[in-house]
Amino acid sequence: MAIPKILIVDDRPENLLALEGLLDKFHIELIKANSGEEALAHTLDHDFALILLDVQMPGMDGYEVAELMRGNRKNKHIPIIFVTAASKASSHIFKGYESGAVDYLLKPLVPLVFQSKVGVFIELFEQKEALREKTQEFDRKLVELEELQQQLEETNEQLLMLSTTDGLTGLLNRRRFDEVFSEEWKRGIRSQSSLSLIILDIDDFKAYNDTYGHQVGDDCLREVTRTLSNIPLREMDKLARIGGEEFAIILPETDTEGAMQAAKRVRTSIDRLAIPHSSSSSHQHLTISVGVSTVIPKADLSSRKLMEAADMALYEAKHSGRNCCCSMAVTNMVVNS
Ligand SMILES: [Mg+2]
């Protein structure tokens, strides 16, 4: 903590010397001035814990000095003790207080009284300094805390991203797909609008991996993802990777016809890539089979039924020679089981 500074102002050197002697016991930095002008100049350079100000001085007297100090924003809270031999007359004392003195001491000074008063002001200054340092420390901690908070939010965002995104393709993962599908199912119940689901599966992908290796297999999955992502979908449509080589597209507010059109675009887009697949059981290149189902969600129907219908449609497509789209109505299935 900074050492408290005390300014003593007196036109007579012997008085300054006497004050200096009385202040000797304190751990302070003492600044001396022998005129009001000099005292004011010192207040520009220092932050004083206390000013001991002689009243009778040639030129500017103590009252004027105090008034000028009070008029300055930086100095107006510095405690001033007037030291005077002048008179005990109350009119003088009042003048001193009007000029902003916090205390009044009469010469000759009684050392014990003087020192105890000065001690109080030093203590006040030290408490004020300690408070200021604590406040600064608090502000620093607050900034640190805000930075930590920011980092935490970023980490949380990243975690959320990681927990909802498929690492290989960057698409929504199975977990997030389940959540979105469930949300859309509930929304469909409320709005009583058609919800469609497309499930697509790369044909003979195990054979592809066995033939070309997993690295090429991963590249192929990314290529398929890029192609699927480029198919124009609406904001509300959601594309996800739900298994090794299985993808799904949730199409809210879409009827069977609309879903089938989307499914055909999806199938064609992969077909056109013409990625060589020498071990395909049905074609010379990489293809997908697509299953589609549509239903108006109902409270007494499980969303699983739509998944199962789309899965069955996919199964149907596989058995119809692959590289094709099939649809299956949920109504053909057992409801409420
Ligand atoms: Mg004097």
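Going by the annotation in an unreviewed UniProt entry, the name recorded for the protein is diguanylate cyclase, with Photobacterium chitinilyticum given as the source organism. Taken from UniProt, the Cofactor (unreviewed entry) comment for the protein reads in full: "Mg(2+)". Note on the protein: under the UniProt heading Catalytic activity (unreviewed entry), the record states "2 GTP = 3',3'-c-di-GMP + 2 diphosphate".

Student: Please explain unusual backbone geometry as it appears in this structure.
Tutor: Trans peptide bonds make up most of the peptide bonds, and negative phi angles are found at most residues other than glycine. Residue P108 is reached from K107 by a cis peptide bond, and omega for that bond is -5°. Among the secondary structure elements, P108 is positioned in the loop between β5 (103-106) and α5 (111-164). Although it is not a glycine, E253 adopts a positive phi angle of roughly 50°. The backbone of R322 sits at a positive phi, close to 65°, despite the residue not being glycine. Relative to the elements of secondary structure, R322 occurs in the loop between α10 (304-319) and β10 (325-327).

Student: How should I be thinking about the pattern of salt bridges in this particular structure?
Tutor: Using the criterion set out here, one finds 23 salt bridges in the structure. A salt bridge links K107 to D54, with the shortest nitrogen-to-oxygen separation between them at 3.4 Å. Of the two residues, K107 sits in the loop between β5 and α5 while D54 sits in strand β3 (residues 50-54), which places them 53 residues apart along the sequence. When its relative accessible area of 25% is taken as the criterion, K107 is described as partly exposed. One salt bridge in this structure joins R187 and E184, with 2.9 Å as the shortest N-O distance.

Student: Would you explain the domain arrangement of the protein in this entry?
Tutor: Note on interface size: it is often stated as the accessible area lost on association of the parts. With domains assigned, the protein is organised as domain 1 (5-133) and domain 2 (174-332). For domain 1 and domain 2, the distance between their C-alpha centroids amounts to 87 Å.

Student: Looking at this model, I keep getting lost on the coordination of the magnesium ion. Mind explaining?
Tutor: Reference geometry at the metal: tetrahedral coordination by four donors gives ideal angles of 109.5 degrees; octahedral coordination by six donors gives 90 or 180 degrees. Looking at the magnesium ion, the protein donor atoms are D11 (OD), D54 (OD) and Q56 (O), and they sit 2.0 to 2.2 Å from it. For the magnesium ion, the donor residues sit on a single chain with the sequence spacing D-x42-D-x1-Q. Placement of the pair is D11 in the loop between β1 (5-9) and α1 (13-22) and Q56 in the loop between β3 and α3 (62-70), with a sequence separation of 45 residues.

Student: Where do I start with the packing of aromatic side chains in this structure?
Tutor: One pass over the full model with this rule turns up 5 aromatic pairs. Ring geometry for F82 against Y104: centres 5.9 Å apart, planes inclined by 55°, an arrangement best described as tilted. Placement of F82 in strand β4 (residues 80-84) and of Y104 in strand β5 is noted, with a sequence separation of 22 residues between them. Each of the two residues, F82 as well as Y104, counts as buried.

Student: Where do I start with helix α9 (residues 256-273) in this structure?
Tutor: Residues spaced three or four apart along an α-helix face the same direction, because each turn holds 3.6 residues. For α9, built from 18 residues, the straight-helix expectation of 26 Å at 1.5 Å per residue is met to within 8% by its first-to-last C-alpha distance of 26 Å. Against the buried residues of α9 lie β6 (195-202), α8 (214-230), β8 (246-252), β9 (288-295) and β10. Just beyond α9, the residue with positive phi is A274, at close to 50°.

Student: Got a minute to help me understand the sheet that holds β9 in this structure?
Tutor: Strand pairing in a sheet takes place through backbone hydrogen bonds and is either antiparallel or parallel in direction. The strand order β7-β8-β6-β9-β10 describes an open sheet built from 5 strands, whose pairing is mixed. Of all strands in the sheet, those with a lone pairing partner are β7 (238-241) and β10, marking the two edges. Averaged over all adjacent pairs, the angle separating strand axes in this sheet is 20°, with direction ignored. Where β6 and β9 come together, 8 bridges link them in antiparallel fashion. Pairing of S196 across the sheet is with T294, part of β9. Strands in contact with α10 are β6, β8, β9 and β10; relative to β9, the strand with the most contacts, it is inclined by about 145°.

Student: So what exactly am I meant to see when it comes to a nonpolar patch on the surface here?
Tutor: A contiguous nonpolar patch, built from F138, L142, L145 and L148 and spanning about 410 Å² of accessible area, is present on the exposed surface. Considering the arrangement of structural elements, one finds F138 in helix α5. Judged by relative accessible area, which is 53%, F138 ranks as exposed.

Student: Is there a simple way to think about the UniProt feature "coiled-coil region" (unreviewed entry) in the protein in this case?
Tutor: This chain's UniProt record puts "coiled-coil region" (unreviewed entry) on residues 128-165. What you have in residues 128-165 is 97% helix and 0% strand, and the ends, taken at the C-alpha atoms, are 55 Å apart.

Student: For this particular structure, what's the right way to read the packing of helix α2 (residues 36-45) against α3?
Tutor: The geometry of a pair of packed helices is captured by two quantities: the angle between their axes and the separation between those axes. In the contact formed by α2 and α3, the axes pass within 10 Å of each other and the chain directions differ by 20°. The orientation of α2 relative to α3 falls into the category roughly parallel. Our pair here, α2 against α3, has a crossing hand that is right-handed. For the pair formed by α2 and α3, the contact residues are G36, A39, L40 and T43 on the first element and V65, L68 and M69 on the second. Here the contact of α2 with α3 is composed, by residue class, of 5 nonpolar, 2 polar and no charged.

Parameters and conventions
Residues numbered from 1 in each chain as written. Predicted model: local features only at pLDDT ≥ 70, side-chain atom pairs only at ≥ 80, totals over all residues. Heavy atoms only, no water. UniProt positions renumbered as here; feature names shortened; annotations may be inferred. Helix = DSSP H or I, 4+ residues; strand = E, 2+ residues; numbered from the N terminus. Salt bridge = Lys/Arg side-chain N within 4 Å of Asp/Glu carboxyl O. Buried < 20%, exposed > 50% of the residue type's maximum accessible area, 1.4 Å probe, protein only. Domains from an automatic or database assignment. Donors = N, O, S within 2.8 Å, 3.2 Å for Na, K, Ca; no water. Phe/Tyr/Trp six-rings, centres within 6.5 Å; stacked < 30°, edge-to-face > 60°. Expected span 1.5 Å × (residues − 1). Contact = heavy atoms within 4.5 Å. Pairing = 2+ DSSP bridges. Axes fitted to C-alpha atoms, helices over the stretch in contact; angles between N-to-C directions. Patch = residues over 30% accessible without salt bridge, like charges linked within 9 Å, V, L, I, M, F, W, Y side chains within 5 Å. Areas by Shrake-Rupley, 256 points an atom, 1.4 Å probe, with all protein chains shown as cover. Parallel < 35°, antiparallel > 145°, perpendicular 65-115°, else oblique. Left-handed = near helix turned anticlockwise from the far one by under 90°. Nonpolar A, V, L, I, M, F, W, Y, C, P; charged D, E, K, R; others polar.

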